[in-house]
Each structure stands twice: as structure tokens, then as C-alpha cells.
Amino acid sequence: MRTDTPLGAPPETPLQTLPVRGPVTVVRGRPVLDVVIPVYNEEADLERCVRRLHDHLARTFPYGFRITIADNASTDRTPDLAAYLDERIEEVTAVRLEEKGRGRALRTVWSLSEAPVLAYMDVDLSTDLKALLPLVAPLISGHSDLAIGSRLSRSSRVVRGPKREFISRAYNLILRGSLAARFSDAQCGFKAIRKDVAERLLPLVEDTGWFFDTEMLVLAERAGLRIHEVPVDWVDDPNSTVHIVKTATEDLKGVWRVGRALATGALPLDRVRRPFGDDPRDRELSGVPKGLARQLVGFCVVGALSTLVYLLLYSLFRMGTGPQVANALALLLSALGNTAANRRLTFGVRGRDRAMRHQAQGLVVFGIGLVLTSGSLAALDAVPGTASHGTELAVLIAANLAATVLRFLLFRAWVFPSDSGATTDHDPRTDR
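Criteria and cut-off values
- Residues numbered from 1 in each chain as written.
- Predicted model: local features only at pLDDT ≥ 70, side-chain atom pairs only at ≥ 80, totals over all residues.
- Heavy atoms only, no water.
- Buried < 20%, exposed > 50% of the residue type's maximum accessible area, 1.4 Å probe, protein only.
- Helix = DSSP H or I, 4+ residues; strand = E, 2+ residues; numbered from the N terminus.
- Pairing = 2+ DSSP bridges.
- Axes fitted to C-alpha atoms, helices over the stretch in contact; angles between N-to-C directions.
- Left-handed = near helix turned anticlockwise from the far one by under 90°.
- Contact = heavy atoms within 4.5 Å.
- Nonpolar A, V, L, I, M, F, W, Y, C, P; charged D, E, K, R; others polar.
- Patch = residues over 30% accessible without salt bridge, like charges linked within 9 Å, V, L, I, M, F, W, Y side chains within 5 Å.
- Areas by Shrake-Rupley, 256 points an atom, 1.4 Å probe, with all protein chains shown as cover.
- Salt bridge = Lys/Arg side-chain N within 4 Å of Asp/Glu carboxyl O.
- Polar contact = N/O pair within 3.5 Å; in protein donor to acceptor, adjacent residues only side chain to side chain.
- Phe/Tyr/Trp six-rings, centres within 6.5 Å; stacked < 30°, edge-to-face > 60°.
- Lys NZ or Arg CZ within 6 Å of the ring centre and 35° of its normal.

S.K.: Please explain helix α10 (residues 323–346) as it appears in this structure.
M.R.: Turn by turn, an α-helix covers 3.6 residues, leaving residues three or four places apart pointing in a common direction. Of all the positions in α10, only Ala326, Asn327, Ala330, Leu331, Ser334, Ala335, Asn338, Thr339, Asn342, Arg343 and Thr346 are classed as buried. Positive backbone phi, approximately 65 degrees, marks Gly348, located one or two places after α10.

Here you go:
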């Protein structure tokens, strides 16, 4: 039995991107899969769980495997049982940690493991083990970077009380609304990750408790890693010792912390990205500058929203002032927001470096747009008769379309040039 204390600091990792994803290398005598079971005072369930899992893997898993019991400072007979299983079953290893925390246990054991695929599951085995091979197969083949079991998939079969069902769905809605998470189930205790991804991703994950899973998945998703979801059959454990209110509170604190870090660009997610060429869509297209397609999409989305804001502001200002003043005020306010949004979302510039300079350059671009739109209004004024409000809006939309094309070209070539040296959160796979 190994006795390991939690790592004081995550190991240093190279800053370059991950290598191109490929199938794992199978080395004779070395396990391909390491399944971690984090436990705290689980003397009643531990042996039954380990023997059942070992029997399942021995019958169904085609490669070498290991089961690691990660004891989180248990105070009952759990350490003795873990040592007993370690001694009696060749594929079982026990690790003792002197501090509590599921996230701490997973970080420590995964960092020590030599297996190319790392997984974990809860000791109660609420998840049907038939989903284990489908969970790890995409990681072994090189198709995906992480894999999670989902109880919220349409084809999942779940047995649990309404209270836990409500909490789980509410939590995942919070993640979707606040962190724009697209994975369906953050809390299911049935996940796997490739070792090469864990080496780069885990140093960025701060939480050591129950929020560890969510933070890891959010950062992986934001870095553009591929997360595979497996529908699972899941039966709630009525004897679970998880403190729901305390866990929910800590999770919400984690959501706030991660959301703030993502918004300020404080996380170096570039070191977790896969390189150009890993995605079949990453192909060189003759005559198309790198990144142009993604930037065009981002610019169009930001531009559409900015146009709606501009028209709303123009209509509001128009109720109290003339068309020229209303146009100038609406265009100025929407331009400030447009520059900030394009800086972050379209051209991937993060942090505060050169932020004021970019806004100043954006105002110059705004001035050009103002000349175009004001000129169109002046031309409309020169037409005999009184133009209706609808005609004014139609003319402004046409002028704004012309200004938008010019704005994109100026943003790309002058304000946010790719070789400007600005700090960007660049994803090579988006260069298409």
C-alpha cells in the first residue's frame, strides 16, 4: 500500500500545446486503464465494490487495468480494508491521503499514475458498469480527450428521488446559463480523461472537493477539447453521505470563481489546446487567410447584436433630439460595446493589455462609420419632402452594412492584426 500526501503544488508542465491526438500506446505489462475509487469511511461498501469492479474488468476489458483505492483520510477500517485488497488482488493498489477532498484525491492519484487512460467512479457503484468500456473506448482510440457518464441523456435510465433530480437539473442549468457549458451532466461520478490531457489540465484546476469535476470539464470545453458523453443507467444510493446544501454552496462559489477567471482571461488555456491538423475541418484552403472563416462568423454575430442595440438606442434618442445627434450618440455607445466584444470574441484578444489603444482605434473606425451614416442622413434630408421614420431606419441599415464591411477589414488589418503581438487566446483549430 502506498501512502502519499497530496501534492503541494502541481508539477510544472510544458507551455506548448498538446500533441495531435492519436490512439494510446499499449505497453506490455503496463495497464492501459487506471480506475480510481475515492473513498472516505466506506468500510461497509469498499470490498464489495472493488471485487465487483475487478470481476467486471477481468471479464470485459481487453487491455491491462489497475484499480486504485484513494483513501481520503478515513477514520474507520477503510485503510485496513484497502491494504488487504491491495495485498490480495494483483490489479488493486491502495493510496492513503492524509487530507480529505475528492478532487485532491483524483489529482494526486492521476498525477502518479502511468496509465494512458484515467477514470474514476463512486464507491457505491450507482452507475451500471456496462457503461465503463463505452466510456473509455473513445479515449483509447484517440477520438476524444475526456469522457463523462450522463444521467440526463434521453436514453439514460435513472432511478432517484425528486429532490436529487431537481438539484441536479437546476445545477446543470446554472452551468449552462453562467459558464455556457454544453455538457449535460457535471456531477455524475463516472468520468475518464487521457493522461496527456490530465498532465496539462489538472494544474489549472484549483478545487480540491466536489467542484473539481465541474471545473475540469468547463476548462476542457473552453480549451476546445472533445468531451464524449455516455448515457448511463443509474440508481441513486439512499445512504449517500454527501452533504447536499454544503456541496451546493461550494459549487456556486466555484462557478463564480471560474466564471470570473474566464471573463478576465486569467487562465492560460492555450497550453491545453490541440494543435492545428487534429480536426478534419482544419485544412489549408488556398486563397483564404487563416482564421478568416471563424472571425467572419464572430464578427457577424457581434455585428447583428450591435445593430439591434444601435437601432434601439437611436429610436430612444430620436424621441428627444434630432436625427443627427441621435445617430451620433447611438453609434458611439454601440461602437464601444462592439469593439470590446470583437476584441474578445472575434479576434481572441484577452486581458487589459492595449485595451485602451484598441478602443481608441475602434473610435477611429467609428468615426468612419459616422461619416457614412451621417452622410446618408444628410442625403436623405436633401430629398424633397419629409422622410418617414421607417425610411430613416432603412437608409441607416444600408449605410451600416457598408460601414460594417469596412469596419471588419479595418479591425482585421489595423486594430487586431494577427502579427501585432497582442495577448490572444488562440485556438489553432479555429484557423480555417
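S.K.: Sorry if this is basic, but what is going on with the pairing of strand β4 (residues 92–97) here?
M.R.: Where a strand is regular, its side chains alternate between the two sheet faces. Along β4, six of the six residues are buried, which leaves the element largely enclosed by surrounding structure. Every second residue of β4 is oriented toward a common face, with Val92, Ala94 and Arg96 on one face and Thr93, Val95 and Leu97 on the other, all of them buried. Across six bridges, strand β3 (residues 65–72) lies against β4 in parallel orientation. Following the sheet pairing, Thr68 is matched in β4 by Thr93.

S.K.: Just checking my understanding: could you explain the packing of α10 against helix α12 (residues 389–415) for this structure?
M.R.: Helices that pack against each other are described as a pair by the angle of their axes relative to one another and the distance between those axes. Where α10 contacts α12, the axes come no closer than 13 Å and their chain directions differ by 35 degrees. The crossing of α10 and α12 is right-handed. Residues Pro323, Asn327, Leu331, Asn338, Thr339 and Asn342 of α10 pack against Glu392, Leu396, Asn400, Arg407 and Phe411 of α12. Among the residues making up the contact of α10 with α12, the classes are represented as four nonpolar, five polar and two charged.

S.K.: Can you walk me through a nonpolar patch on the surface in this structure?
M.R.: Where nonpolar side chains cluster on the molecular surface, the patch consists of Val364, Ile368, Leu372, Leu406 and Trp414 and spans about 390 Å² of accessible area. When residues of the nonpolar patch are traced back to their parent elements, those giving at least two are α11 (355–382) and α12. Within the secondary structure, Leu372 is located in helix α11.

S.K.: How should I be thinking about the side chain of Thr78 in this particular structure?
M.R.: Take Thr78: it is sitting in helix α2 (residues 78–88). At 3.2 Å, the side chain of Thr78 and the backbone nitrogen of Glu43 are in polar contact. Not counting chain neighbours up to four residues away, the residues in contact with Thr78 comprise Val39, Asn41, Glu42, Glu43, Leu46 and Asp71.

S.K.: Whenever I open this one, the pattern of salt bridges confuses me. Can you help?
M.R.: Side-chain pairing between opposite charges can occur once the charged atoms of the two side chains come close. Enumeration over the complete set of coordinates arrives at 19 salt bridges. Here Asp233 ties to Arg157 by a salt bridge, and the two come within 2.8 Å at their closest N and O atoms. Placement of Asp233 in strand β10 (residues 233–235) and of Arg157 in strand β7 (residues 157–159) is noted, with a sequence separation of 76 residues between them. Here Asp233 falls in the partly exposed class, since its relative accessible area comes to 23%. Here Glu215 ties to Arg257 by a salt bridge, and the two come within 2.8 Å at their closest N and O atoms. Separated by 42 residues along the polypeptide, Glu215 in helix α7 (residues 212–222) and Arg257 in helix α8 (residues 244–264) bring together distant segments of the chain.

S.K.: How should I be thinking about the packing of aromatic side chains in this particular structure?
M.R.: The relative placement of two aromatic rings is captured by the distance of their centres and the angle of their planes. Counting across every chain of the model gives ten aromatic pairs. Aromatic pair Phe61 and Tyr63: ring centres 5.9 Å apart, planes at 70 degrees, arrangement edge-to-face. For Phe61, a relative accessible area of 8% gives the class buried. What makes Tyr63 partly exposed here is its relative accessible area of 35%. An aromatic cluster is defined as three or more aromatic residues linked by ring pairs; in this entry it consists of Phe299, Phe347, Phe408, Phe411 and Phe416. Against the face of Tyr40 rests Lys100, its NZ or CZ located 4.1 Å from the ring centre. A cation sits over an aromatic face here: Arg151 above Trp234, 4.8 Å from the ring centre.

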